[in-house]
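# Structural overview for review
This is what each chain is made of:
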Amino acid sequence: MKAYKPGSRRRKIVLYFLLAVVLPGIILGYMAFRGMRNDQALREKESRQKLEINSQAFFTEIDSGFISLVNEMTDDSLHPVNGTVDPSVLAYYIIDSSGSKKLVGHKLLYVPVELMPEGDVVAEPHAGLAEGQRLEFAEKRYVEALRFYSKMALNDNDIDDKIQALVAAARLYNKMNQPEQAKSLYEEIWKDYSGRLLNGQIPLELIAGLEILKINRDLGQKDEMRINSLKCLELMLHPCSEYDRDQFEMFYRSFQEIISERDPLIDSLLMELDNKKARTDYLIRLLSEPDLTENSVNGFSVTAFNSNELAAVYLTWEKNNGVPAGMVIDFPAYLRSISDRLIGKMDPDSMLSVKILDRNDSVVLSRAISEETVYLSFPFPESLPQWKLLLSENRPGFLATLMKAGS
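Source: prediction; values computed, not measured. (Residues numbered from 1 in each chain as written. Predicted model: local features only at pLDDT ≥ 70, side-chain atom pairs only at ≥ 80, totals over all residues. Heavy atoms only, no water.)

### A few points about the overall build of the protein chain
When helices and strands are counted, the protein chain shows 12 helices and 12 strands. By residue count, 41% of the 407 residues in the protein chain fall in the buried class. Nonlocal contacts in the protein chain, meaning residues at least 24 apart in sequence, comprise 57% of its contacts between residues at least 6 apart. Accessible area for the protein chain stands at about 23300 Å²; split by element, carbon and sulfur atoms hold 54% of it. (Helix = DSSP H or I, 4+ residues; strand = E, 2+ residues; numbered from the N terminus. Buried < 20%, exposed > 50% of the residue type's maximum accessible area, 1.4 Å probe, protein only. Contact = heavy atoms within 4.5 Å. Areas by Shrake-Rupley, 256 points an atom, 1.4 Å probe, with all protein chains shown as cover.)

### Details of the packing of aromatic side chains
The tally for this structure, following the rule as stated, stands at 14 aromatic pairs. Taking the centre distance of 6.0 Å and the plane angle of 70 degrees together, the rings of Phe148 and Tyr149 count as edge-to-face. With relative accessibility at 1%, the residue Tyr149 sits in the buried group. Here the aromatic cluster, defined as three or more aromatic residues joined through ring pairs, consists of Phe58, Phe59, Phe331, Phe380 and Trp387. Above the plane of the ring of Trp190 lies Lys231, whose end atom (NZ or CZ) is 5.9 Å from the centre. (Phe/Tyr/Trp six-rings, centres within 6.5 Å; stacked < 30°, edge-to-face > 60°. Lys NZ or Arg CZ within 6 Å of the ring centre and 35° of its normal.)

### Focus on the pattern of salt bridges
Following the criterion strictly, the structure yields 23 salt bridges and no others. Between Glu180 and Lys183 there is a salt bridge whose closest N-O contact spans 3.7 Å. Of this pair, Glu180 and Lys183 are both found in helix H5 (residues 179-192), three residues apart, which corresponds to roughly one turn of the helix. Relative accessible area serves as the criterion here: at 7%, Lys183 is assigned to the buried category. One salt bridge connects Asp281 with Lys277, and the closest N-O pair in it is separated by 3.7 Å. With Asp281 and Lys277 both in helix H9 (residues 264-288) and four residues apart, this pair spans about one turn of that helix. Judged by relative accessible area, Asp281 falls into the buried class, the value being 16%. (Salt bridge = Lys/Arg side-chain N within 4 Å of Asp/Glu carboxyl O.)

### A look at the packing of helix H3 (residues 142-155) against helix H4 (residues 159-175)
For the pair H3 and H4, the least separation of the axes is 8 Å and the interaxial angle reads 150 degrees. On the basis of the axis angle, H3 is roughly antiparallel to H4. Handedness of the crossing formed by H3 with H4: left-handed. For the pair H3 and H4, the contacting residues are Tyr142, Ala145, Leu146, Tyr149, Met152, Ala153 and Leu154 in the first and Asp161, Lys162, Ala165, Leu166, Ala168, Ala169, Arg171, Leu172, Tyr173 and Lys175 in the second. Looking at the contact of H3 with H4 residue by residue, the class counts come to 13 nonpolar, no polar and four charged. (Axes fitted to C-alpha atoms, helices over the stretch in contact; angles between N-to-C directions. Parallel < 35°, antiparallel > 145°, perpendicular 65-115°, else oblique. Left-handed = near helix turned anticlockwise from the far one by under 90°. Nonpolar A, V, L, I, M, F, W, Y, C, P; charged D, E, K, R; others polar.)

### Here we look at the pairing of strand E11 (residues 376-379)
Across a regular strand the side chains alternate sides, sitting on one face of the sheet and then on the other. Across the two faces of E11 the burial differs, with Leu376 and Phe378 buried and Ser377 and Pro379 not buried at all. Bridge count between E11 and strand E12 (residues 388-393): four bridges; the pairing is antiparallel. By the bridge assignment, Pro379 is partnered in E12 with Lys388. (Pairing = 2+ DSSP bridges.)

Dropping the structure here:
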């Protein structure tokens, strides 16, 4: 009879347990893990496909916006003047019968003569001004000349003649060492004749503004001078009348010569003015070139520009009356203006995190639920600036995850 070994039975139980329970559990667990991984891979593939479809919807909506904008510009009932129907449009032009581009609306600081539309013929100076000029310049009889100009400004019904008389009277007050009276008259000109041009060429507001600044400086009116300096800079940044580059440079140099004391706000406006000047020069070069458009989108031609001065889209088309037209769109401004519509159309249920990066990977637009989100990147089409659209499907909460297949 064999001796009984107490440990042998325990080993058999352990062996049977491993074979009957643990091993099948491992196999089933592995199979379940493989199934979950496959399900997860399928969900990731579906998520990627969904994001790709959303990105296509995003770019299609941008093109639809361009179509709406072109239709709006093609409507001849709209006549924008020194500005445009849409704030993101930097320049809108037509090509006249001679084949020359003529601006209809724009956001330029100054305009070259060749791009200006045909305007009214500048009227000849009032014949009566000759008498005042004789008294002022030839005979130096300032009191009589001032009386003459003041009477002319009061009684003449022609707006251009009235303006010339007021400017002459303010100039005479300065010559007669009466700066407060001169400043009062220049302030009247600044306030009452916004957007008007002296002799059809020189913006009255800037003339008056610079003369007021000189008087502020000479009288030591520092606080008032600062306020008027900011007003002048705003006028140069957002001109309400058209003039050429030489006149702009004259005003800009005069302003810098008058203003000796700077502060952070004035310096920031000067920097903004320099940036806008560089953009204006770039736009003028762009508009002066022949047709540069390369891609066709829904019946109009489009080219993207992505320089240090400007990220823009250049559109050309033919109006209903057969007149060729074109416009340059500030793309960042345009994108921001329609961002709610773009994202809403693409993602009405707010299931996505969205970011748009420019060519330097700076964030232009963002609607992100979490900064830890992992994004899928989609390059913008060739007809748009070389930016990137980043999309990510927002992850559900823990409880929602438990109830969701493949999570």
